[in-house]
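One-letter residues, chain by chain:
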Amino acid sequence: MSEQQQARGAATPRRVVVAGAGMAGVQTAVALREQGFTGTVTLIGAEPHQPYDRPPLSKAVLLGKAEDSAFDVDFEALGIELRLGCEVAGARPADHELDTEAGPVPYDVLVVATGAEPVRLPGTEGMPGVHLLRTLDDAERLRPVLARQHDIVVVGAGWIGAEFATAAREAGCAVTVVEAADRPLTGSLPAEVAVPMAAWYADSGAVLRTHARVAHIEPGVVVLDDGSRLPADAVVVGVGARPATRWLAGSGIALGAWGEVVADDRLRTSAPDVYAVGDCASFPSGRYGERLLVHHWDNALQGPRTVAANIVGEAPAAYDPVPYFWSEQFGRFVQYAGHHATADSTVWRGDPSGPAWTVCWLRGNRLVALLAVGRPRDLAQGRRLIEAGATMDPGLLADPARPLKSATA
Ligand SMILES: Cc1cc2nc3c(=O)[nH]c(=O)nc-3n(C[C@H](O)[C@H](O)[C@H](O)COP(=O)(O)OP(=O)(O)OC[C@H]3O[C@@H](n4cnc5c(N)ncnc54)[C@H](O)[C@@H]3O)c2cc1C
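No experiment lies behind these values; they were computed from the predicted model shown.

Visitor: Before we go on, may I ask you to explain the site of the ligand in this structure?
Guide: The full set close to the ligand counts 33 residues, and Ala24, Glu47, Arg54, Lys59 and Arg134 are the nearest of them. Within the contact set of the ligand, an oxygen atom lies 3.3 Å away from a backbone nitrogen or oxygen of Trp297. Starting from 1,000 Å² of accessible surface for the ligand in isolation, the protein chains cover 93%. Of all the secondary structure elements, the ones that give two or more residues to the shell around the ligand are helix 2 (23-34), strand 2 (40-45), helix 4 (159-170), helix 6 (297-311) and strand 22 (324-329). The residue inventory of the shell around the ligand, partitioned by class, reads 17 nonpolar, nine polar and seven charged. In terms of domain composition, the shell around the ligand takes at least three residues from each of domain 1 (3-117 + 241-311) and domain 2 (120-237).

Visitor: It is not clear to me how the nonpolar core should be interpreted in this structure. Could you clarify?
Guide: The nonpolar side chains of soluble globular proteins are, as a tendency, buried together. Ile152, Phe164, Leu189 and Leu371 are the most contacted members of the largest nonpolar core, which totals 95 residues. Contacts of Ile152, omitting those with residues within four sequence positions, involve Val145, Leu146, Phe164, Ala168, Cys173, Ala174, Val175, Thr176, Ala234 and Val236. Of all hydrophobic cores here, the second largest spans 20 residues; its members include Val17, Ala91, Leu98 and Cys280.

Visitor: Just to check I follow, could you spell out the sheet that holds strand 7 (residues 109-112) for this structure?
Guide: To summarise the sheet geometry, strands pair through backbone hydrogen bonds and adopt either a parallel or an antiparallel arrangement. Spatially, 3-2-1-7-19 is the arrangement adopted by the five strands of the open sheet, whose pairing is parallel. Here the strands that pair on one side only, and so sit at the sheet edges, are strand 3 (80-84) and strand 19 (274-276). The average angle at which neighbouring strand axes cross in this sheet is 20°, direction not considered. Bridge count for strand 2 against strand 3 is five bridges, and the pairing is parallel. For Val41, the partnering residue across the bridge sits in strand 3 and is Ile80. Packing against the sheet, helix 2 makes contact with strand 1 (15-19), strand 2, strand 3 and strand 7, and its axis sits at approximately 170° to strand 2.

Parameters and conventions
- Per chain, residue numbering runs from 1 following the sequence as it is written.
- Restriction of local features to residues with pLDDT of at least 70 applies here, the model being predicted, together with a cutoff of 80 or more for giving and counting side-chain atom pairs; totals for whole chains, interfaces and linings are based on all residues.
- Values shown for side chains rest on all heavy atoms present in the structure; no hydrogens or waters enter the calculation.
- Here a residue counts as near a molecule or strand whenever at least one of its heavy atoms sits within 4 Å of it.
- As used in this structure description, the phrase polar contact means that two N or O atoms lie within 3.5 Å; if the pair is within protein, one of them must be able to donate a hydrogen and the other to accept it, and residues adjacent in sequence are counted only when both atoms belong to side chains.
- Accessible surface is estimated by sampling points in the Shrake-Rupley manner with a 1.4 Å probe; for residues, cover comes only from the protein chains shown.
- Elements are defined by DSSP. Helices are runs of H or I of four residues or more, strands are runs of E of two residues or more, and each kind is numbered from the N terminus.
- Gly counts as polar in this scheme, as do all residues outside two lists: the nonpolar Ala, Val, Leu, Ile, Met, Phe, Trp, Tyr, Cys and Pro, and the charged Asp, Glu, Lys and Arg.
- Domains are outlined according to an automatic or database domain assignment.
- Residues enter a nonpolar core if they are buried and are Ala, Val, Leu, Ile, Met, Phe, Trp, Tyr or Cys, with the set joined through side-chain atoms within 4.5 Å.
- In this scheme, a residue with accessible area under 20% of its type's maximum is buried, one over 50% is exposed, and one in between is partly exposed, where area comes from a 1.4 Å probe on protein chains only.
- The criterion used for residue contact is that any of the two residues' heavy atoms lie within 4.5 Å.
- Two strands pair if DSSP finds at least two bridges between them.
- Simply put, an axis is a line fit to the C-alpha atoms, just over the touching stretch for a helix, and the angle between two N-to-C directions goes from 0 to 180 degrees.

Set out below in structure tokens:
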């Protein structure tokens, strides 16, 4: 460790407690050590498992191609204390204390990283055969369901629904996906982009039923509100996730419209010495001029570096990422960078009915977002151009044979 880092360690708070041992919590603990923090770091997680990564749960872990997805982090060597299987029940910022099942935990700095929890279908809690896909336990419960090649109904054609349907088809299950809206990914992508993706379901042999709302679930049957009855040995519900922040009720830490912790552009919350990061927190994006709540892996990787820099006493730049995520569905690699809400035009690179294409969103002629299917080079170049605030020539951009980076105005 450098002298500068040692000096920094001495001047900074001694006890950092991180609530939530998922990607954002683990990365915060690791980043603190990387940035020279020498005080105690305690990571408290509700799940009993060694901290693990979630994206493989709907991919390799679900299919049994990987046993688990534990993070490759040597917590002991880094001097990070793990308290697993311990749920945090409340926070008292005025006392600088957390309440857990095992008693109060004092902190100098608290990092809230409790992520998100899946939205359930009303009345289905604890119902046999009805599954969610958020945790390692969920994936382990679903593995034998896939292995038995059951008839499966997936509720919700979002990212998780599509990835689960992909795995279930690969395992040889009969899959029907029911979606209340008129197309998949309705909350994430505009119709012109999502509609071509609807065809992927049929290509894979899954049935996608849109305008299909679940009325109720009976043993072995999903009943839709038009009266249709879909046989289902298992039901997988993928209708979204909400920030896991109920435990903060009454703490005085400000929560936003989605129940998320409202953080500032340094990821500080409304309470002194309390930060929030990952799926549980929103932050103001200077780049896009609105508050963002990002439920993707890359945000849980990048945000912790800002939090750690704050804690060790550096003055980090505002947290203002170009959001990024990927999804592996129906044999395609889908990648997205940016935020298209403020765009005023789109430019297509390639035919969306083909195997590889990209759609670019522009505001004026500035690139603000892109979605690439099977075109990782477009994504990599586009992400850098968005970060740089590049202005594009729409005519050049529309030529899929031209590297995206050479389509600037
Ligand atoms: C199945 C699946 C597949 C995904 N695939 C992709 C993908 O392909 N690409 C992509 O970009 N993103 C993907 N994501 C999203 C990505 O995994 C998340 O954005 C990321 O995990 C967020 O990390 P986090 O640490 O903020 O939250 P989480 O991963 O939710 O971790 C929070 C942790 O806090 C714990 N916790 C909650 N409440 C308490 C409490 N009161 N006390 C103690 N502990 C608590 C939870 O048990 C959890 O372990 C996927 C998510 C899932 C579920």
